[in-house]
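Single-letter residue listing:
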Amino acid sequence: MGRNNWNSHLPEIRAKSLDGKLLLGKRTVTRSLHLLIRHSSCYLVDSCRVLDFRSEMAFEGKQLINHVIQTIEDVLEDFCGSLCFMEHDCVSYNVEISSGSQLATKCELNNSTHKEHPGDLRVKNNYIYRGSENFCALTSCPNNSNCQVGFTDKGYRCFCHPGFGGQLCEGK
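- An unreviewed UniProt entry annotates the protein chain as EGF-like domain-containing protein of Porites lobata.

Written as structure tokens, this is what we have:
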């Protein structure tokens with residue numbers, strides 16, 4: 001996969017956080033964006049997504065293997081969670097940190113968590129793994145539809161293939 005240097009052009013700006021403190025710098029922009037995404041209002045019921053990366057689902061020195069769906073290079077560490085939030089099939093992520101830097105060498109988005117695949121959570125120096133609750137692990141969507149975590153009041157939605165419809169893609 002090619003290198004994605006999206007953060008090289010982020011402006012140095014001043015921003016106010018949700019608690020009113022004055023913030024500075026590129027890292028601030030990504031943290032503020034992350035807060036805005038996680039706390040934004042939902043205008044369509046099925047388009048609202050909530051992922052909760054709790055501290056008990058975070059492991060320093062660990063990496064989830066065999067479930068990477070996308071790799072982004074040269075990204076700020078804090079923004080990796082926002083990238084997972086924006087990728088509808090992502091439920092966890094790995095961050096490889098460059099020594100002594102806030103810039104992650106790699107952000108790996110995963111379509112599963114360590115709870116479903118505990119044997120795939122491996123010790124790996126300079127990595128941080130963060131997972132969210134994966135409601136799709138407990139349910140299956142019929143007709144080969146794709147289960148996406150964090151949507152609707154059930155915590156998931158079925159993304160239907162053409163020709164199928166309804167909340168569970170049961171109808172044609």
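1. A look at the overall build of the protein chain
- Each helix and strand counted, the protein chain has 2 helices and 9 strands in total.
- The order of α-helices and β-strands along the protein chain, N terminus first, is β-β-α-β-β-α-β-β-β-β-β.
- Scored against the burial criterion, the 172 residues of the protein chain give a buried share of 38%.
- Accessible area of the protein chain: about 10,000 Å², with a carbon and sulfur share of 52%.

2. So, the pairing of strand 9 (residues 156-159)
- Of the pairings in the sheet, the one linking strand 8 (residues 146-149) to strand 9 comprises 4 bridges and is antiparallel in character. By the bridge assignment, glutamine 148 is partnered in strand 9 with arginine 157.
- Taking the residues between adjacent antiparallel strands as the criterion, strand 8 and strand 9 are bridged by 6 residues, where glycine 150 takes a positive phi near 95°.

3. Things to note about the nonpolar core
- Leu83, Cys84, Tyr93, Cys107 and Leu109 are the most contacted members of the largest nonpolar core, which totals 24 residues.
- Among the elements of the structure, strand 4 (68-76), helix 2 (80-86), strand 5 (92-97), strand 6 (103-110), strand 8 and strand 9 are those that each provide at least two residues to this core.
- Setting aside residues no more than four positions away along its own chain, cysteine 107 makes contact with Gln70, Thr71, Ile72, Val75, Cys80, Leu83 and Asn94.

Basis of the calculations
Residues numbered from 1 in each chain as written. Predicted model: local features only at pLDDT ≥ 70, side-chain atom pairs only at ≥ 80, totals over all residues. Heavy atoms only, no water. Helix = DSSP H or I, 4+ residues; strand = E, 2+ residues; numbered from the N terminus. Buried < 20%, exposed > 50% of the residue type's maximum accessible area, 1.4 Å probe, protein only. Areas by Shrake-Rupley, 256 points an atom, 1.4 Å probe, with all protein chains shown as cover. Pairing = 2+ DSSP bridges. Core = buried A, V, L, I, M, F, W, Y, C linked by side-chain atoms within 4.5 Å. Contact = heavy atoms within 4.5 Å.

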